[in-house]
Amino acid sequence: MKIDKALAELLKEKESLIDSIELCCKSIEFWEKKADIVFKKMDEFETESVFESDEICEVKYKTLMKDASRLMNRINFENSQLDKLEVSILDLEEKIINTLDKHAKKQKK
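Residues numbered from 1 in each chain as written. Predicted model: local features only at pLDDT ≥ 70, side-chain atom pairs only at ≥ 80, totals over all residues. Heavy atoms only, no water.

S.K.: So what exactly am I meant to see when it comes to the environment of Asn76 here?
M.R.: With respect to the helices and strands, Asn76 occurs in helix 2 (residues 54–108). You can call Asn76 partly exposed: its relative accessible area is 47%. Taking the C-alpha atoms as reference, Asn76 lies 8.8 Å from Ile28; in sequence the two are 48 residues apart. (Helix = DSSP H or I, 4+ residues; strand = E, 2+ residues; numbered from the N terminus. Buried < 20%, exposed > 50% of the residue type's maximum accessible area, 1.4 Å probe, protein only.)

S.K.: What exactly am I supposed to notice about a negative patch on the surface here?
M.R.: On the surface, a cluster of negative charge is made up of Asp43, Glu44, Glu46 and Glu48. Counting through the fold element by element, Glu48 comes out in helix 1 (residues 3–48). Among the residues examined, Glu48 registers a relative accessible area of 39% and is labelled partly exposed. (Patch = residues over 30% accessible without salt bridge, like charges linked within 9 Å, V, L, I, M, F, W, Y side chains within 5 Å. Areas by Shrake-Rupley, 256 points an atom, 1.4 Å probe, with all protein chains shown as cover. Salt bridge = Lys/Arg side-chain N within 4 Å of Asp/Glu carboxyl O. Lys, Arg positive; Asp, Glu negative; His and termini not counted. Charge placed at Lys NZ, Arg CZ, Asp CG, Glu CD.)

S.K.: Explanation requested: the packing of aromatic side chains in the structure shown.
M.R.: The way to describe two aromatic rings as a pair is by their centre distance and the angle between their planes. Inspection of the entire model under this criterion finds two aromatic pairs. Pairing Phe30 with Trp31 gives two aromatic rings, centres 4.9 Å apart and planes at 80°, and the pair type is edge-to-face. For Phe30, a relative accessible area of 43% puts it in the partly exposed group. Residue class for Trp31 comes out buried when judged on its relative accessible area of 18%. Both rings, one in Phe45 and one in Tyr61, keep their centres 6.4 Å apart while their planes meet at 35°; by these two values the pair is tilted. A residue pair is termed long-range when its members are at least 10 positions apart, and Phe45 in helix 1 and Tyr61 in helix 2 qualify at 16 residues. A relative accessible area of 12% means that Phe45 is categorised as buried. Under the relative-accessibility criterion, Tyr61 is labelled partly exposed at 45%. (Phe/Tyr/Trp six-rings, centres within 6.5 Å; stacked < 30°, edge-to-face > 60°.)

Structure representation (structure tokens):
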């Protein structure tokens, strides 16, 4: 395979990974905004819980904790995906360097 074609394929793959990383970052940002809303509701709940019955407080508390847990799981999932993508892009960059190195060695001969 010629160097131009090999590099073009590797760079195309890198662009795809970069697009995936950007999408993942946008998704994390989206879920963090949702989490901020839940955390604000939790703050309001702490203030209002003094005036409500124990049963109502318990239902609200369980709902808020469930929402917060779900959102944190989603954010953690997105972060782990982002970590995997970053490792993939580093591996790909190493492939690009190795490809260029092999080509340079061939040129010296």
